[in-house]
Amino acid sequence: MQARAKINLTLDITGLLPDGYHELETVMQSIALADRLVFAPLPGGIELETGASGVPAGPENLVWRAAELLRKQTGCRRGVRIHLFKNIPVAAGLGGGSADAAATLLALNRLWSLDLSREELARLALQLGADVPFCLAGGTALARGKGELLTPLPPLPPWGVVLVTPDVAVSTARIYKEYDRLLPVGRPDTQAMLRAVDRRDLAAVCASLGNVLEPVTASLVPEVRRVKGALQEAGAAGVEMSGSGPTVFGLCSGEEEARRVAGRLDPRLGRIICTRLCAGAIHLQ
């Protein structure tokens, strides 16, 4: 099973919810870059193998937590062995862990014959993280609330994407804490992005990119601004940070153009990946 990453074309914070969570308004987009998960039945228990540095293979991993949540909610006592092959950079603002959790919910619903509806899976997804409901649905969508209020949008063309992930660690919790301490600047125009997406207009989408968290992350991680400048100089049509960072993406007219842009970048900027926009989040194999 392939669990695809996401980027945020816009990301705004519109307030605080009664439970203290930030209220989001974000246009999210699936991309072809994906982790691969392989599931095999066991009589009982959960076994997780990752083989990737810095990726836990126990209850700290969202994959494990998704499997355990399904067992707890349904009373299922069957087990599973899961092999997780990581391609999506970790803690990079690309929703890799969320995508893996969403794929686990879908796969185990089928493997364990639980027959949960998409709506039931979506409610479980929100318990695992704000991005998991979108990663369950995928494509192009406007997400509000904690991320669970999803409005599907017209699918965008398979435009090329260059991802650059600096070799630095970013704490999402710290970014939000700093955001709460500072006055927000550079808020995106979500309505302009929605109009651009509806027209499938690359220039208009690029002009409407925005992330209210970017100034906060860039103040703590100067590499974000350097990567943005490098992508712009290399010819990307539009450049923005995804999520809480530190990954910065550049949109291009196609994958071939994305490869040309990537070829002009200094590899010392970080991990560079060429991919494309895609219509779905999870591909069953």
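The structure we're discussing is the one just above.
About the cut-offs
Residues numbered from 1 in each chain as written. Predicted model: local features only at pLDDT ≥ 70, side-chain atom pairs only at ≥ 80, totals over all residues. Heavy atoms only, no water. Helix = DSSP H or I, 4+ residues; strand = E, 2+ residues; numbered from the N terminus. Rg over C-alpha atoms; globule rule 2.2 N^0.38 Å. Buried < 20%, exposed > 50% of the residue type's maximum accessible area, 1.4 Å probe, protein only. Contact = heavy atoms within 4.5 Å. Areas by Shrake-Rupley, 256 points an atom, 1.4 Å probe, with all protein chains shown as cover. Lys, Arg positive; Asp, Glu negative; His and termini not counted. Charge placed at Lys NZ, Arg CZ, Asp CG, Glu CD. Phe/Tyr/Trp six-rings, centres within 6.5 Å; stacked < 30°, edge-to-face > 60°. Lys NZ or Arg CZ within 6 Å of the ring centre and 35° of its normal. Axes fitted to C-alpha atoms, helices over the stretch in contact; angles between N-to-C directions. Left-handed = near helix turned anticlockwise from the far one by under 90°. Nonpolar A, V, L, I, M, F, W, Y, C, P; charged D, E, K, R; others polar. Parallel < 35°, antiparallel > 145°, perpendicular 65-115°, else oblique. Pairing = 2+ DSSP bridges. Core = buried A, V, L, I, M, F, W, Y, C linked by side-chain atoms within 4.5 Å.

Another point: the overall build of the protein chain. Helices and strands together make up the secondary structure of the protein chain, namely 10 helices and 12 strands. Taking 2.2 N^0.38 as the reference for a compact globule, 285 residues should give roughly 19 Å; the C-alpha atoms of the protein chain span a radius of gyration of 18 Å, in line with that estimate. Across the 285 residues in the protein chain, those meeting the buried criterion constitute 56%. Nonlocal contacts in the protein chain, meaning residues at least 24 apart in sequence, comprise 74% of its contacts between residues at least 6 apart. Of the roughly 12,400 Å² that the protein chain leaves accessible, carbon and sulfur atoms contribute 50%. Here the protein chain carries 31 positive and 29 negative side-chain charges, and the mean point of each set is 3 Å from the other.

Before going further, it helps to spend a moment on the packing of aromatic side chains. Summed over all chains, the structure comprises zero aromatic pairs. Lying over the aromatic face of F85, R36 brings its terminal NZ or CZ to 4.3 Å of the ring centre. A cation sits over an aromatic face here: K146 above Y21, 4.5 Å from the ring centre.

Running from N to C, helix α2 (residues 96-111) and helix α3 (residues 118-128) cross one another at 140 degrees; their axes reach a closest spacing of 10 Å. For the pair α2 and α3, the crossing hand works out as right-handed. On α3, the residues that touch A101, L105, L106 and N109 of α2 are R118, L121, A125 and L128. When its residues are assigned to classes, the contact of α2 with α3 shows six nonpolar, one polar and one charged.

A separate point is the packing of helix α1 (residues 62-74) against α3. The interhelical angle for the contact between α1 and α3, taken along N-to-C directions, is 130 degrees, at an axis separation of 10 Å. When the interaxial angle is binned, α1 and α3 end up oblique. Read as a crossing pair, α1 and α3 show a hand that is right-handed. Taking contact as the criterion, the partners of L62, R65, A66, L69, L70 and Q73 in α1 are, on α3, L121, L124, Q127 and L128. Each residue belonging to the contact of α1 with α3 can be placed in one class, and the counts come to seven nonpolar, two polar and one charged.

Looking now at the pairing of strand β6 (residues 149-152). By the bridge criterion, four bridges tie strand β5 (residues 140-145) to β6 in an arrangement that is antiparallel. Within β6, the residue paired with A141 across the bridge is P152. Between β5 and β6, which follow one another and run antiparallel, lie three residues, and G147 among them has a positive phi close to 125 degrees.

Taken in spatial order, the four strands make up an open sheet running β9-β10-β7-β11, and their pairing is antiparallel. The open sheet has two edge strands, β9 (238-241) and β11 (271-276), and neither has a second partner. Pairs of neighbouring strands in the sheet enclose a mean axial angle of 20 degrees, with direction left out of account. With four bridges connecting them, β9 and strand β10 (residues 248-252) associate as antiparallel partners.

Another point: the nonpolar core. With 40 residues, the main nonpolar core has L37, F39, L70 and L128 as its most contacted residues. Elements with a contribution of two residues or more to this core: β2 (22-42), β3 (46-49), α1, β4 (79-85), α2, α3, α4 (132-137) and β5. It is α2 that provides the largest number of residues to this core, a total of eight residues. Each residue touching L70, except ones within four places of it in the same chain, is listed here: G75, T104, L105, L108, N109, W112, L114, L116, L121 and L124. Counting residues in hydrophobic clusters, the runner-up holds 29 residues, among them V216, A218, A230 and A236.

Once that is clear, we can look at the pairing of β10. Extensive coverage of β10 is indicated by the burial of five of its five residues. Because side chains alternate across β10, one face comprises the buried residues V248, G250 and C252, and the other comprises F249 and L251, equally buried. Taken together, the five bridges between strand β7 (residues 160-165) and β10 define a ladder with antiparallel strand orientation. Within the sheet, the bridge partner assigned to V162 lies in β10 and is G250. Counting the residues in the hairpin turn of β9 and β10 gives six residues, including G243, whose phi is positive at 55 degrees.

Another aspect to go through is unusual backbone geometry. Of the consecutive residues G245 and P246, the connecting peptide bond is found in the cis state with omega at 5 degrees. In this structure, P246 sits in the loop between β9 and β10. Its identity as a non-glycine residue notwithstanding, A91 has a phi of 50 degrees, on the positive side. Of note, A91 is situated in the loop between β4 and α2. A relative accessible area of 55% places A91 in the exposed class.

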